[in-house]
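Commentary on secondary and tertiary structure
Chain by chain, the residues:
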Amino acid sequence: LRFVSGEAPAGNYAAAYTLIPFAANISVTWAHSVMPTMVTHDQADPRRNEVYGTAMLLAYAVALRVAVGGILTAPPLIELVFGARYLDAVPALTWLLVIVPVGAVRELAVTGLIGTSGGERKLVRINATCAAFNMAILLPVVPRYGLKGAAIVTVLTEFLRLLIALYFARQE
């Protein structure tokens, strides 16, 4: 983004994205707190899927509220945290907040893979595929759509990560 659109859009994107890992860390903590319960049940045990399903629903319900609240309060949030000169980051933040519920569900799917045979290889494949996808889409989009395009590509990449993680999780 910096090479194509300049320092200001790159700084605004960085400001918007800085708020996303905070929400993501909450999802990671939730997913990893559920993992011990999931691994105590055999893969064929219906209680494992029940724990998994309930954890996903709860994660989504909380993360959706965080995302909607963030979208509704994006301008004052950006101004409070970064100052008025970063208000151009608001459109990127509103798009990036879509990642929060997507990431919450994805994180549970990924956590479910961690303890499985070949799960780590699957995680590498997920990340490599999504990195390639992100770069392939980002390169033509950013010159035309700038900051907002970069945010939308990030959201699309996160949806792809979710779909692939769910695909692999269902195989387990």
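For the structure itself, look to the data block above.
Residues numbered from 1 in each chain as written. Predicted model: local features only at pLDDT ≥ 70, side-chain atom pairs only at ≥ 80, totals over all residues. Heavy atoms only, no water.

1. Here's the deal with the environment of phenylalanine 82
By the secondary structure assignment, phenylalanine 82 is in helix H4 (residues 74-82). Looking at phenylalanine 82, the relative accessible area reads 25%, which means it is partly exposed. (Helix = DSSP H or I, 4+ residues; strand = E, 2+ residues; numbered from the N terminus. Buried < 20%, exposed > 50% of the residue type's maximum accessible area, 1.4 Å probe, protein only.)

2. Some details on the packing of helix H6 (residues 99-114) against helix H7 (residues 119-171)
Direction vectors running N to C along H6 and H7 enclose 155°, while the axes themselves pass 7 Å from each other. One element, H6, and the other, H7, form an angle in the roughly antiparallel class. Between H6 and H7 lies a crossing of left-handed hand. The class makeup of the residues in the contact of H6 with H7 is 16 nonpolar, 2 polar and 4 charged. (Axes fitted to C-alpha atoms, helices over the stretch in contact; angles between N-to-C directions. Parallel < 35°, antiparallel > 145°, perpendicular 65-115°, else oblique. Left-handed = near helix turned anticlockwise from the far one by under 90°. Nonpolar A, V, L, I, M, F, W, Y, C, P; charged D, E, K, R; others polar.)

3. Quick look at the nonpolar core
Counting 44 residues, the largest nonpolar core has Tyr13, Leu93, Leu96, Leu108 and Ile126 as the members making the most contacts within it. Contributions of two or more residues to this core are made by helix H2 (7-39), helix H3 (46-72), H4, helix H5 (90-96), H6 and H7. For this core, the element with the most residues is H7, which contributes 13 residues. (Core = buried A, V, L, I, M, F, W, Y, C linked by side-chain atoms within 4.5 Å.)

4. Re H3
Taking 1.5 Å as the rise per residue, H3 with 27 residues should run 39 Å; its terminal C-alpha atoms sit 39 Å apart, in good agreement. Among the residues of H3, those classed as buried are Arg48, Tyr52, Ala55, Met56, Ala59, Ala63, Ala67 and Gly70. (Expected span 1.5 Å × (residues − 1).)

5. A few points about the packing of aromatic side chains
Under the counting rule described, the total for this entry stands at 3 aromatic pairs. Seen from their ring centres, tyrosine 13 and tyrosine 17 are 6.1 Å apart, and the 15° between their planes marks the pair as stacked. One end of the pair is tyrosine 13 and the other is tyrosine 17, both in helix H2 and 4 residues apart, which spans about a single turn. Ring geometry for tyrosine 167 and phenylalanine 168: centres 5.5 Å apart, planes at 55°, overall tilted. (Phe/Tyr/Trp six-rings, centres within 6.5 Å; stacked < 30°, edge-to-face > 60°.)

6. Focus on the packing of H3 against H6
With their axes 7 Å apart at the nearest point, H3 and H6 run at an angle of 155° to one another. Of the possible angle classes, the one that applies to H3 and H6 is roughly antiparallel. Between H3 and H6 the crossing geometry is right-handed. Mapping the contact onto sequence places Arg48, Tyr52, Ala55, Met56, Ala59, Tyr60, Ala63, Leu64, Val66 and Ala67 in H3 and Val100, Pro101, Ala104, Val105, Leu108, Ala109 and Gly112 in H6. Here the contact of H3 with H6 is composed, by residue class, of 15 nonpolar, 1 polar and 1 charged. (Contact = heavy atoms within 4.5 Å.)

7. Some words on the pattern of salt bridges
Opposite charge on two side chains permits pairing when their charged atoms draw close. Under the definition given, this model contains 4 salt bridges. Its salt-bridge partner being glutamate 107, residue arginine 106 comes within 3.6 Å of it at the nearest N-O pair. With respect to class, arginine 106 is no different from glutamate 107; both count as buried. Across the pair glutamate 158 and arginine 106 runs a salt bridge whose closest N-O atoms are separated by 2.3 Å. Residue glutamate 158 is found in helix H7, and its partner arginine 106 is found in helix H6; the two are separated by 52 residues along the sequence. Here the two residues glutamate 158 and arginine 106 agree in accessibility, since each one is buried. A single salt-bridge network, built from bridges that share partners, covers Arg106, Glu107, Glu158 and Arg161. (Salt bridge = Lys/Arg side-chain N within 4 Å of Asp/Glu carboxyl O.)

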